[in-house]
Structure formats: C-alpha cells, structure tokens
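# Observations on chain architecture
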Amino acid sequence: MTRLERLYRIHGLLRNARQPVPMRRFVEELGVTRNTITRDFEYLRDFFAAPIVYDRDRNGHYYDPEAPEFELPGFWMNASELYALLACEQLLETVQPGLMAQRLTPIRQRIQKLLGDASEHETRLGQKVRLLPVLQRPVDNPVFIGIADATLGNTCLRIRYRARSHDGSGERTVHPQRLLHYRHNWYLLAYCEQAGDLRLFSLDRIDMPRMDDRPYKQIDAESLEAFIGDSFGLFSGAPSNRAELRFSPRAARWVADELWHPDQRGEWRDDGYYLWVPYSDPTELIMEVLRHGPDVKVLGPLELRVAVRERLEGALMGYVGKSGK
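Right, let's walk through the structure included here.

Rules used in this analysis
- Note that residues are indexed from 1 along each chain, following the sequence as it is written.
- It should be noted that, the model being predicted, local features are given only for residues of pLDDT at least 70 and side-chain atom pairs only at 80 or more, the latter also being counted only at that level, while totals for whole chains, interfaces and linings use all residues.
- With hydrogens and water stripped out, all remaining heavy atoms of the structure feed into the side-chain values.
- The numbering of helices and of strands both runs from the N terminus, where a helix is a DSSP run of H or I of at least 4 residues and a strand a run of E of at least 2.
- A 1.4 Å probe rolled over the protein chains alone gives each residue an accessible area, and that area as a share of the maximum for its type sets the label: buried under 20%, exposed over 50%, partly exposed in between.
- Every residue pair with non-hydrogen atoms within 4.5 Å of one another is taken to be in contact.
- All accessible-area figures derive from a Shrake-Rupley calculation using a 1.4 Å probe, and residue coverage is judged against the displayed protein chains alone.
- Strands were regarded as paired on the criterion that DSSP finds at least two bridges between them.
- Axis geometry follows a simple rule: fit a line to the C-alpha atoms, using only the stretch in contact for helices, then measure angles between N-to-C directions, giving values from 0 to 180 degrees.
- By definition here, a salt bridge exists when the distance from a side-chain nitrogen of Lys or Arg to a carboxyl oxygen of Asp or Glu is within 4 Å.
- Helix span, as expected, comes to 1.5 Å for every residue beyond the first.
- By convention a nonpolar core is built from buried Ala, Val, Leu, Ile, Met, Phe, Trp, Tyr and Cys residues, the set being connected through side-chain atoms within 4.5 Å.
- Comment on the angle field: the value is read as roughly parallel under 35 degrees, roughly antiparallel over 145, roughly perpendicular from 65 to 115, and oblique elsewhere.
- Amino acids are sorted into nonpolar (Ala, Val, Leu, Ile, Met, Phe, Trp, Tyr, Cys and Pro), charged (Asp, Glu, Lys and Arg) and polar (every other residue, Gly among them).
- Crossings are sorted by hand: turned counterclockwise from the far helix by less than a right angle, the near helix makes the crossing left-handed, and turned clockwise it makes it right-handed.
- For patches, a residue must show more than 30% relative accessible area and have no salt bridge; joins then use 9 Å for like charges and 5 Å for nonpolar side chains, namely Val, Leu, Ile, Met, Phe, Trp and Tyr.
- Here the aromatic set is Phe, Tyr and Trp, taking the six-membered ring for Trp, and pairing holds for ring centres within 6.5 Å; pairs whose planes are under 30 degrees apart are stacked, those over 60 apart are edge-to-face, and all others are tilted.
- Two conditions define a charge located above a ring, namely a distance within 6 Å from the ring centre to NZ of Lys or CZ of Arg, and an angle within 35 degrees of the ring normal.

## Topic: the overall build of the protein
- Helices and strands together make up the secondary structure of the protein, namely eleven helices and eleven strands.
- Per-residue burial for the protein yields a buried fraction of 39% across its 325 residues.
- Taking the intrachain contacts of the protein between residues at least 6 apart in sequence as the baseline, contacts between residues at least 24 apart amount to 60%.
- A total accessible area of about 19,600 Å² is found for the protein, and carbon and sulfur atoms account for 51% of it.

Written out as structure tokens, the structure is:
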C-alpha cells in the first residue's frame, strides 16, 4: 500500500468516526507500524492542513469539530498514474535537457512523499525506462523557453534565423502558432511576415528571440493542421504525387508495420511488399527510401526514380578511385 492509499484510508476512518479512533485500529487496518501512521498524520497536517487532534483521555485521534469541514482534494492519482507522471517528466527531461528540472522538482518531491515506501519503484523507473534520442540537435534553454512562452502567450517574435539552405542569416518577424517535436528535434510553426505565409523554423537555427509588441496574427486551427498533416514529414503543401515503392520480403517485415503517412496504402504480393505514399516535396521521402538500400525499389513516379538513382550514383562515386573500387 502506498502512502497515497494510506492517506485516503486514514481520512476515511477519521471522517466517518463518531468517536476518537485508537491507534491500534489504524495499525490493524493499514498494516503498518505506529511510527508510519504518526508520520502520515504529520504529513496530513503539514501538507493539507488536516485538523487532526489527539484525545489523550480516550487515546484516539479525530477531526476537530470546531474546524471547517475538511476534505482531501478531489483530484487524485493512483500509484500507477503517479509512476506514469514520473515517466513523462523523465521523457520531457530527455527531449529538452534541463528545461523542466527546476520547475518539476517540487512536484517530483511531492509525488515521492505520496508514494512513501513504494517510491523505491520510482528510483528503478529511471533505470528501467530510458529514451535514447538519435541525431538530436541541441537547443539552448533560453531560446526554447523564449519561443515556448511566445507560442503559449500568442506574442510576436523577432528572431535571427540561420537557414540551412544558405550560409547567411536574416531577421524575421514571426507569429508563433505551434511547437512541433519531430524525429527528436524541435520546430516552430509560425506565420512569417517576410514570407507572408506559414513557415517552419528549426529551433536550433534560431538566435536571439525577442518579444515584439505588434498585433499578433492567429491562424485558424484547420489551416495549421492542413499545413502539418497534408504532406509527408515536415514538408508543406498538399500532396501532389504518390510514390509507389516495392520492398523485399526481408525489409517488408519491418516496413509493413511502419506509418510513413496517414493516407498510405500497403499490399503484400508474391515479390514483396508494395507501399503507396502521398508526398509533395520529395526530400524527406528520398531519405527514407535511401536508408533501405537494395531492399527497396522506386516504381514511380519517374522523377522520384531519377532523384533516388542520382543520389545513389553520387554516393557510389565516393567509393570509386584510388581509395577503393
């Protein structure tokens, strides 16, 4: 039994009692020592201001009838839900190290107290549940917090953005709409005044975000969802093509269970697994195809076949010459 469960049981005994409840009854019903119950009384008094008093003459505890009627807070979690909350805190810390540690430490400490003796499972939780980020691009916490605050507060930002498409950087005024965490990295979906449209910004390429007091432009949720979800991966725009891919039986054992796009379609055939994926910009789709090497063949459209072939030929050229054949 966790401390949380004991607190409920103690509260029930005291609330329903018509006379002071002797310590032996708490010990018998809760199956713990007198010292443990005494500490639970102290916790109820200190943390919840429970009006628990001791009647020496009748050797029992009760709620002070002169105090306002006392009830434990109505929203509670059981032990499993508390463990899940701790796991979520750990995952948040892995996704953005250092971001929530200071803010969540008081909550973690309270949960540990509520779990009581069962808190040893929380220690094992950090050992048993691990999130291993791959190819994660770090984002400075001041940058993340500034962008997150502006996104939640519907506030404009002035940012300096270093796009990967060229070496320079430029000032932009953006109206943050959504924060997206995709493949272990953070992106800001915002209305960009310079572009006059929605744009995605990788947080690791943003410098010096500053609040701007100009009127905020709110984009409707339907447009935001369409921008995010109507294309493959992060590339915006409604799908304009549909890739037809054939995977070898070996690769198909994994690919058949993967979700590449919500509107994809797959089919098993004698020569392998066929996958049809809608896309607009083919960049990320090409990357996905290349990671399967010889176990996938692009059947169409032609321009996608050519693009994948050119990437493969370019990679092969790096192994031709004096260094290797």
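After that view of the structure, there is still more to cover.
## Section: the pairing of strand 6 (residues 197-202)
- The pairing of strand 5 (residues 185-192) with strand 6 spans six bridges and is antiparallel. The partner of Y187 across the bridge, within strand 6, is S202.
- If you look at the hairpin formed by strand 5 and strand 6, you'll find four residues sitting between the two strands, and G196 has a positive phi there, around 70°.

## Focus on the sheet that holds strand 7 (residues 206-212)
- Here five strands make up an open sheet; going across it, the order is 6-5-4-3-7 and the pairing antiparallel. A strand with exactly one partner marks an edge of an open sheet, and here the two such strands are strand 6 and strand 7. Within this sheet the neighbouring strands show an average axis-to-axis angle of 45°, counted without direction.

## Re the sheet that holds strand 10 (residues 272-279)
- Across the sheet, which stays open at both edges, the four strands sit in the order 9-10-8-11 with antiparallel pairing between neighbours. Each end of this open sheet is capped by a strand with a single partner; those strands are strand 9 (265-269) and strand 11 (296-300). The sheet shows a mean angle of 25° between the axes of neighbouring strands, direction not considered.
- Sheet analysis places strand 8 (residues 241-247) next to strand 10, joined by seven bridges and oriented antiparallel. When the bridges of strand 10 are listed, R246 appears paired with Y274.
- The strands touched by helix 11 (residues 302-317) within the sheet are strand 8, strand 10 and strand 11, with strand 11 carrying the most contacts at an inclination of about 145°.

## Considering the pattern of salt bridges
- Enumeration over the complete set of coordinates arrives at 19 salt bridges.
- Between E267 and R269 there is a salt bridge, and its shortest N-O distance comes to 2.9 Å.
- The class for E267 is partly exposed, based on a relative accessible area of 29%.
- By relative accessible area, R269 is classed as partly exposed at 37%.

## Quick notes on helix 1 (residues 3-16)
- Taking 1.5 Å as the rise per residue, helix 1 with 14 residues should run 20 Å; its terminal C-alpha atoms sit 20 Å apart, in good agreement.
- Buried within helix 1 we find R3, L4, R6, L7, I10, H11, G12, L13 and L14.

## Looking at the pairing of strand 9
- In this sheet, strand 10 lies alongside strand 9 in antiparallel orientation, the contact comprising five bridges. Of the residues in strand 10, the one forming a bridge with G266 is L275.
- In this antiparallel pair of consecutive strands, strand 9 and strand 10, the connection spans two residues.

## Section: the nonpolar core
- F26 and L44 are the most contacted members of the largest nonpolar core, which totals 19 residues.
- Elements with a minimum of two residues in this core: helix 1, helix 2 (23-30) and helix 3 (34-48).
- The dominant element in this core, judged by the number of residues it contributes, is helix 3, at five residues.
- Among residues more than four places away in sequence, those in contact with F26 are I10, L13, L14, V21, G31, I37 and F41.

## Things to note about the packing of helix 1 against helix 3
- Axis separation between helix 1 and helix 3 bottoms out at 11 Å; the angle between their running directions is 80°. The angle between the axes of helix 1 and helix 3 places the two elements in the roughly perpendicular class. Facing R3, R6, L7 and I10 of helix 1, the residues of helix 3 in contact are T36, R39, D40, F41, Y43, L44 and F48.
- Tallied by class, residues from the contact of helix 1 with helix 3 come to six nonpolar, one polar and four charged.

## Quick notes on the packing of helix 1 against helix 2
- Remark: helix 1 packs on helix 2, axes separated minimally by 11 Å, with the N-to-C direction vectors making an angle of 140°. Here helix 1 is positioned oblique relative to helix 2, judged by the angle of their axes. Helix-helix and strand crossings are classified by hand; for helix 1 and helix 2 the assignment is right-handed. For the pair helix 1 and helix 2, the contacting residues are R9, I10, L13 and L14 in the first and R25, F26, E29 and L30 in the second.
- Looking at the contact of helix 1 with helix 2, its residues break down into five nonpolar, no polar and three charged.

## Quick notes on a nonpolar patch on the surface
- Side chains of L316, M317, Y319 and V320 sit close together on the surface and give an oily, nonpolar patch of about 480 Å² of accessible area.
- Following the sequence through the fold, Y319 ends up in the segment after helix 11.

## Regarding the packing of aromatic side chains
- Inspection of every chain in the model, using the stated rule, returns ten aromatic pairs.
- Aromatic pair Y161 and F201: ring centres 5.0 Å apart, planes at 85°, arrangement edge-to-face. With Y161 in strand 3 (residues 156-161) and F201 in strand 6, this residue pair connects regions lying 40 residues apart in the sequence. As far as the burial class goes, Y161 and F201 line up, both buried.
- For the ring pair F247 and W260, a centre distance of 5.9 Å and an interplane angle of 80° mean the geometry is edge-to-face. You can see F247 sitting in strand 8 and its partner W260 sitting in the loop between helix 9 (249-255) and strand 9, a full 13 residues away along the chain. W260 matches F247 in its accessibility class, with the two residues each being buried.
- Chaining the aromatic ring pairs together yields one cluster made of Y43, F47 and F48.
- The positively charged end of R265 is found above the aromatic ring belonging to W276, 4.0 Å away from the centroid.
- Just above the ring of Y274 sits the side chain of R269; from NZ or CZ to the centre is 4.2 Å.

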